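# An overview of the molecular structure
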Amino acid sequence: MSTRWSCSDGLTFNGMKQELEELLRAALAGLAGGILTEAPVASSVVVERTRDAQHGDFASNVALRLAKPAGRKPRELAAAIVAALPQSPLIRRAEVAGAGFVNFYLAPEAYARELAAIHERGAAYGGSTIGRGERVLLEFVSANPTGPLHVGHGRQAAYGATLGNILAASGFAVEREYYINDAGRQMDILAVSTWVRYLEVCGEQLPFPQNGYRGEYVLPLARQLQAAVGRELRRPATEVAAGLPADAPAGDKEIYIDALIERARLLIGGDGFARVLALSRDAMLGDIRGDLAEFGVVFDHWASEAALADSGAIDHALAVLEAQGRLERRDGAVWFRASEFGDEKDRVVVRENGQKTYFASDIAYHLQKRERGFERLIDVLGADHHGYVARVRAGLAALGQPAACLEAPLIQFVSLYRGAEKIPMGKREAQFVTLRQLRAEVGNDACRFFYLMRSHEQPLDFDLQLAKSRSNENPVYYIQYAHARVASVMKQLAARGLSFDRTEGLANIGRLAASHEQAVLGSLTQYPEVLEQAAVSRAPHTLAHYLRELANAFHSYYNAEAFIVADPPLRNARIALVLGVQQVVRNGLALLGVSAPESM
RNA sequence: GUGCCCGUAGCUCAGGCGGAUAGAGCAUCGGCCUUCUAAGCCGAGGGUCGCAGGUUCAAGUCCUGCCGGGCACGCCA
């Protein structure tokens, strides 16, 4: 007994809502040629949960929407729809209400069947095929390997990982990718930062470049370098500093650090510098990778920008643009006429000095994603990157790809608080809070949940005090507690020498007529709808909100009724219900990357 | 200046492809543990959904303008 079976077009039903919509479509098709001149488009047929139980379990506004084009009164049309509804064991009663709503009152059988589906499908319950196997490349975090991840990256990691889970559960063929920006000047700056710290460790005294990476994390890199090469790359401070332009504030920090990088290459050779760079990069990447893995965030691919460049992909993309006549030389640089493809202005792809810009590698990278066979490209970006999307879309369009295949959820910033006090955070300053520190302080579960409980489109105030509190103020524990409580009920059941009879329980779901039981059934069976909504809207936070509501319905029920009662059919029905709650809570928390403890 | 996002209860936020009486948590106040975990439950108070127009049978939701806040606008990465 399951709610999933094939219907005529090969789709599978997913939850009660889809079944009702199918019934409604059948009714409307039956009216075509009569009260309706033609059958309405399928997407306009929508059934929604009612806010008020007085309006039944589900309601549809189709009659209101179709009344005008059909030239009928809404209530008249609604009545015709009700009359044309096919017989279904799911529907106890359907009626016209209000201005012309069709309200559906479900039969107990509908809930019994859905609950049975939860028991049967277990961890797979809630999943669907709405993605139709679409190949999605989900790129997220992609932080430069020039320092540890900070709390902002953490939010992107939590969002991306959970979105990936939700899409995978919804029938998308999703692959997760981290793009490593390991080419370009920033890596040189990291390398020179490591080298200067190394010289300090060796005993040389020289000023640290203003534009270098000043974070504490560079010191271990320097020590690692020393352990690897001894004094081989040590050079006297006087030789390093001789004849360099002034650093900020007197001089220009950019000019200074470029000169310093050049000096380093001269003194320790290109090979020596490459060695420092590789060690620094690998150490940082190792740190990032380990951090993410501990956070439960794993990637299918780690794509290297340097490797992309070496493969000739950038030259390939530029050649295609050239062949299409989309490039032009201006002021010694090569420009892509992005404004012809919806961008606000043209963009440089090759600078006057001959170096390709980041934008050039970005469009090459996105072209390559398409050429790898991905239909949909999702870039999870920090909110400050919003200008970037139109640019890359323009590039894709010019390369013959559909611009709409790229979507970019923008993740708003995170502010850290301790209670009411805001923790200041600099960008390149040494004072940022790392993801590692945050996780160590509040734990992975609270961290994941707090990152995901707000819409990603909304700036997040992350209160460390609240996340750490092991109290009723903390929503994570509230949900986990529901899971643990069910486990506890099962232990009690065993302790009393009783066992759960699932068949009897599912056969007696009709006995669960109390208001709290109806509320739990109602909330529980919404899970497939919530998951679908979260997938379609790329909105994991709806899942977090839903789990809170489900836990709330459960806790109320727990306080109102004893589950382990003497009457076996009723007892088994109640336990079937709360086991269903436990299963859905576990499934939902798993998608969010939060553990579901058996006891608390 | 231009573009994007945001403005909902004292605080933090859901709801936003229009739909029935606008929700939740926290905070405040008042109740519930001899019975499956009180990290829980029940109840109360708290709102001109920034302002002004418009579209519609119906607007927190769509459109326009304004006010207020955030972010982005390099031959940086």
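Anything mentioned here points back to the structure above.
In this section: unusual backbone geometry. Cis rather than trans, the peptide bond between Ala248 and Pro249 has omega equal to 5°. In this fold, Pro249 is placed in the loop between α8 (237-241) and α9 (253-294). Phi is positive for Ser142, close to 45°, though the residue is something other than glycine. For Ser142, the location among the structural elements is in the loop between β5 (135-139) and α5 (151-169). A residue is classified by how much of its surface remains accessible, and Ser142, at 12% relative accessible area, is buried. Located in the positive-phi region is Arg538, a residue other than glycine, with phi close to 55°.

Another aspect to go through is the pattern of salt bridges. For the structure on display, the rule yields 36 salt bridges. Close ionic contact of Glu21 with Lys17 constitutes a salt bridge, the shortest N to O distance being 3.6 Å. With a gap of four residues between them, Glu21 and Lys17 both fall in helix α1 (residues 15-31), about one helical turn apart. For Glu21, a relative accessible area of 10% puts it in the buried group. Among the residues examined, Lys17 registers a relative accessible area of 24% and is labelled partly exposed. The salt bridge partner of Arg436 is Asp287, with a shortest N-O separation of 3.0 Å. With Arg436 in helix α14 (residues 435-442) and Asp287 in helix α9, this pair connects stretches of sequence that are 149 residues apart.

We now examine the nonpolar core. Formed by 122 residues in total, the largest nonpolar core has its most connected members in Ile81, Phe104, Tyr451, Phe462 and Leu543. Here this core takes 13 residues from helix α22 (residues 568-592), the largest share from any one element. Contact partners of Ile81, with chain neighbours within four places excluded, come to Leu24, Ala27, Leu28, Leu31, Val62, Ala63 and Val102. Among the nonpolar cores identified, the runner-up in size contains 38 residues, and Val196, Leu199, Cys202 and Leu225 belong to it.

Here is what the cut-offs are and how they apply
Residues numbered from 1 in each chain as written. Chains lettered and ligands numbered in written order. Predicted model: local features only at pLDDT ≥ 70, side-chain atom pairs only at ≥ 80, totals over all residues. Heavy atoms only, no water. Helix = DSSP H or I, 4+ residues; strand = E, 2+ residues; numbered from the N terminus. Buried < 20%, exposed > 50% of the residue type's maximum accessible area, 1.4 Å probe, protein only. Salt bridge = Lys/Arg side-chain N within 4 Å of Asp/Glu carboxyl O. Core = buried A, V, L, I, M, F, W, Y, C linked by side-chain atoms within 4.5 Å. Contact = heavy atoms within 4.5 Å.

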